[in-house]
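Spelled out, the chains give:
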Amino acid sequence: MSAIKQDPRVLLFVNNQWTDITYDKTGAGDGVRVESGIEMFQGEQNESRKPNPGWCKMVFGNKSGDFTPRNPMGTYAGYLNVNTPTVVLLDEITDSFGRVSVNSWGSSDTGELYSNLGTSGTASDFQVAGGVGTHTVTTAATYRMSWFDPAVSTAPFIRNTIQKVRFTLPFTDVTVGPLEPANLLCRQISTTSYYMCRFVINIDETVSLQLNRVGGSGGLTLAGPVTVPGVVHSAGQGIWVKFAAIDDDIMATAWVGDDPEDEPHDWLITASDSDPFLEFGWWGIRTGAGAGNTNVPYTASYDNYSVWMGEFTGEIPDFNGSYTDDNGDAVVAVEAAGITRRLTEGGPQFLASIRRWYEQFATNSPDWYWPLDDGELSSTGRATVFPAGQASDTAVFVFDYSIVVPYTPDSSSKKHFSQGKIAPWITNCVELTPDNSTFYVGFPKGSADVNNQFWAVDWVFRCGSETQVLFRLGGDLAPGVTILGSSVDIFGITIDVPGNLLQVAPGLGEATTNFFIDAITDVNIADGNAHRFRLRVNVFSGTGIDYTLSIDDVVIPFASIAVHPFIVDVLTIQSVNYNLSTNAKSVSIGHVALYLTDDPSGDDAITFSAFNGYQEETAKTRFTRLCLEENIDTFIAFIPDPGGAEMGPQYTDALMSQLFELMSTDGGMLVEYPDARALNYLTLDELRAVPVGLTIDVSAGELSPEFKPVDDTQQLRNKVRATKRDGGDYTFERTDCRLSTTDPK
C-alpha cells in the first residue's frame, strides 16, 4: 500500500462512456483531490485460498453536486449506480526527446527502448535531436513506426492505457493524397496487429480521426472518420492527439494548444471492440503517407509523448458525500474495489448445470424445454424454453392422459413434483410411482417440411433394478391418414430391467428392435444413477428414416425403416408420455428437451457433460468455463485441458462458492488483474513453476541477523480426507516418510 503523487488519470464509466474526471473542468471545485493522495492495494500477501479484493481510495471534489447520485441536475445523474466502473492510470512512460539518437529513437526519458520499423524505409528515417523525435516517410502508401516491444524493452504488456503526443509538420499544403502523422497504436501484438487511432490531414488541411482494428481477427474500421472541429493544419502548428483503450472501449480526441489546460477531457470519437487477439499488448507511434501523396519525402516531428498505464481497475459501490461546517466545500470519499468484492457479496444460486446448458449455453437450442424441477406443490411442469410467440404454458407437463386442450391435471399431480431424485448436483424433478401414472405433454407443432424432416427429444431418467417403463412419443397423423385403424401414431421405447430388454418400436405397424441391456457397452441404466437419453429421428423422402438412441455418451444406432406417416406427415400434436407398469418401482424423470428446428447431433458429448455436472474437467477448464458463462473476462484461451486437478460435479452453489471449491480442490490461487476488471486462476502447478523473483545474498549483508530459515510447507499435507456431498469419504495418509503420521518411535 502506498500514496502516489504522480500525474494520475481517473476515469469513470458514466454517460455510457469512459469519462475523465481527474481535473476540475468547470472551476466549480470538482475533480479528484490529487493532493489528498490516491491509495491502492493490489495482489495477495500469501497464497491465500480466498482472494482479497484490490481497493483504491480517492476523494472527489463535489461542489457542483455532480457526484451526488440523487441530484437530478448533476452531470452524471442516473449513471452513478452501485458498482460504477472506474480505472486509475499513472504516467509511467514519458519522453521529451531531449537527447540525440542517430538512426533510431533510442530510449525514452523513463528508460524504455524503442523498436523501429519502416516499410520501404531505412534506419536514417528515425532520428532524435533538438527536442523532437522524427519519422521521415519517403514514398506514398508507406509508413514508419516506433513502439515499445517488451521483448527488448522494460515496457510491460498492458491492457488499459492512455497516450498523448504532439506533432508538427514543416509545411502547410497537403497535396494529391492525405498524410497520416501521429497514428497512435495500442494493444499491439505484432507489427501488423493492433488497434490504431488514425489521424489524417486531408488535402484541404482539415483533420479527421478514425478508429481501426489492424490485423487481429480481421482488419476493420470501428468508427469514423470524424472531422476534428476547429482544427486546420498549418506549418509549424503543434497538434495534440490522445488515444485511450479501457476495457473493450477505445477512444480518441485531438486539439491545438500549448497550455495543458487546453486539453479536452471528453472524447471526440469512441468505439467498442472485443477482439480476442488484441486483449493486451504494447503501444507506439506510426507515421504514414496516403496513396498518391506528393509531399513525400516528408518529416513529422514529435514531442511530449506520455503513456498512462492502468494501475487499478475496479468498481465504486457508492458515493457518500460530506460537507464543511460553513458549506464552503463538498467532497465525496470513495473506496473502489476489484470485482471479487462484488462477486463475494452474494449472488444467486446456480441452476443445475444441465438446465443452464439447455436454457443459456446450448450450441443448438431446443424448441421446447421442461426442466420439471418445479416446486412440490406444483400441478404442472411449465416450459422454460419455448418458441417465439408461444407462452410458457402453451405446452405443460401434466398427469392426465387426455389430449384435449387445455390440459387439466389430475388431483394427484402435486404428489409427484420435487420428489424425484436425479443426482446430488441436479435439483429434484418428478417422481413417477407404480400406480400406472402417466406424464403427458401436448402442443401444436404446426407445419413441417415433409420431404426433409427431423426431430429429437432428450430426457433424464433414474431407475432401479425392478423398473419396467414405457416411453411413448405420440402424434396425430395428417387428416385422413390412419395406421392400423388409428389416427394417432406412437414411437415407443420400453425399458424392462427384470427382462434385461431395451425395445424400440418406431411407429405402429413397424417391427421392433430389441437390445439386451447388459450388452450395451459402458452403460448400466439400472444402477440407481441418473442417465441421459436422446432419441433422434431423421427422414429423407423416398429413402426411409434413420433413428438413433443415445444413452449418456453411448450412441446406439438402429436400422432404417421405410418412410412412415408419423414422421413424414405434418404433426398437429406432439406428446411425450411416460407410463409405468403397475409392478414397477418408482422412477425419476426430468429435463425434457424437444428439438424441431436445430439438429443437436453435434453436441451429444457436451450435453452429456453438462448433465454429468462437468465431472473430470480440470480446475482451469472449469474456471474458464464458469467465467465465460458469467461474462467475466479471464483472457485465457479456452482449450480442452489447460491444467489443474480433475473436478467433481458442479453443484448449484453461487459463483464464488464454485470458485472457492475449485481452489480448495486444486490448491491454486484466484487473482484479479490490476488493469482489467477480470479474473485469473493459477493452478498449483503454475504456482510451483513461478521463477525466483528475488535473490538475497547473506554474505553481502543483505539479510539482517538473526535470521532463521523456514521450510515452505504451506501446501504439504500428510493426511487428506475427501468427502462427497451425497455421502461417502476417503482418507489418504502418508505413513512411510519424514512427514509420516505414525508414531516416530
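Rules behind the numbers
- Residues numbered from 1 in each chain as written.
- Predicted model: local features only at pLDDT ≥ 70, side-chain atom pairs only at ≥ 80, totals over all residues.
- Heavy atoms only, no water.
- Helix = DSSP H or I, 4+ residues; strand = E, 2+ residues; numbered from the N terminus.
- Buried < 20%, exposed > 50% of the residue type's maximum accessible area, 1.4 Å probe, protein only.
- Contact = heavy atoms within 4.5 Å.
- Areas by Shrake-Rupley, 256 points an atom, 1.4 Å probe, with all protein chains shown as cover.
- pLDDT = per-residue confidence, 0-100.
- Axes fitted to C-alpha atoms, helices over the stretch in contact; angles between N-to-C directions.
- Parallel < 35°, antiparallel > 145°, perpendicular 65-115°, else oblique.
- Left-handed = near helix turned anticlockwise from the far one by under 90°.
- Nonpolar A, V, L, I, M, F, W, Y, C, P; charged D, E, K, R; others polar.
- Polar contact = N/O pair within 3.5 Å; in protein donor to acceptor, adjacent residues only side chain to side chain.
- Pairing = 2+ DSSP bridges.

**Examining the overall build of the protein chain**
When its secondary structure is counted, the protein chain shows seven helices and 42 strands. Of all 745 residues assigned to the protein chain, the portion counted as buried reaches 50%. Restricting the contact set of the protein chain to residue pairs at least 6 apart, pairs at least 24 apart contribute 66%. As displayed, the protein chain has an accessible area near 32700 Å², and 50% of this comes from carbon and sulfur atoms.

**Here we look at the confidence of the model for the protein chain**
For the protein chain, per-residue confidence averages 83 on the pLDDT scale, and 86% of positions sit at 70 or higher. Counting interchain partners and residues more than four positions distant, the pLDDT-below-50 stretch residues 446–452 has 14 contacts. Across residues 568–575, confidence stays below pLDDT 50; counting only partners more than four residues off in sequence or on other chains, it has 42 contacts.

**Thoughts on the packing of helix α5 (residues 619–629) against helix α6 (residues 655–666)**
To characterise two packed helices, one gives the angle between the axes of the helices and the distance between these axes. Remark: α5 packs on α6, axes separated minimally by 10 Å, with the N-to-C direction vectors making an angle of 165 degrees. As far as their axial angle goes, α6 and α5 are roughly antiparallel. Seen from above, α5 lies across α6 with left-handed handedness. Residues A619, R622, F623 and L626 of α5 touch α6, and the partners they reach there are L655, Q658, L659, L662 and D666. A breakdown of the residues in the contact of α5 with α6 according to their chemical character gives six nonpolar, one polar and two charged.

**A short note on unusual backbone geometry**
A cis amide bond, omega 5 degrees, links G224 with the succeeding residue P225. Locating P225 in the fold gives a position in strand β16 (residues 220–232). In this structure, the amide linkage connecting V296 to the following residue, P297, adopts the cis form with an omega of -5 degrees. Relative to the elements of secondary structure, P297 occurs in the loop between β20 (282–289) and β21 (298–316). Look at D552: it is not a glycine, yet its phi comes out positive at around 60 degrees. Residue classification places D552 among the buried residues on the basis of a relative accessible area of 8%. A positive phi is found at N631, a non-glycine position, where the angle reads about 60 degrees. Mapped onto the elements, N631 comes out in the loop between α5 and α6.

**Comments concerning the side chain of R144**
Assignment of secondary structure puts R144 in strand β11 (residues 142–148). The class of R144 is buried, set by a relative accessible area of 0%. For R144, the side chain forms a polar contact with the side chain of D125, separated by 2.9 Å. At a separation of 3.0 Å, a polar atom in the side chain of R144 contacts the side chain of T138.

**Brief notes about the packing of helix α2 (residues 353–361) against helix α4 (residues 604–611)**
Running from amino to carboxyl end, α2 crosses α4 at an angle of 140 degrees, the nearest separation of the two axes being 6 Å. Regarding the angle of α2 to α4, the classification is oblique. Listed contacts from α4 to S353, I354, W357 and Y358 of α2 are I606, T607, A610 and F611. The residue inventory of the contact of α2 with α4, partitioned by class, reads six nonpolar, two polar and no charged.

**Here we look at the sheet that holds strand β15 (residues 206–214)**
Across the sheet, seven strands lie side by side as β8-β11-β20-β13-β14-β15-β16; this open sheet has antiparallel pairing. Two strands bound the open sheet, and with one partner strand each, they are β8 (114–118) and β16. Neighbour-to-neighbour, the strand axes of the sheet open up by a mean angle of 15 degrees, direction not taken into account. Here β15 pairs with β16 via six bridges, running antiparallel. Paired with L211 across the bridge in β16 is A223.

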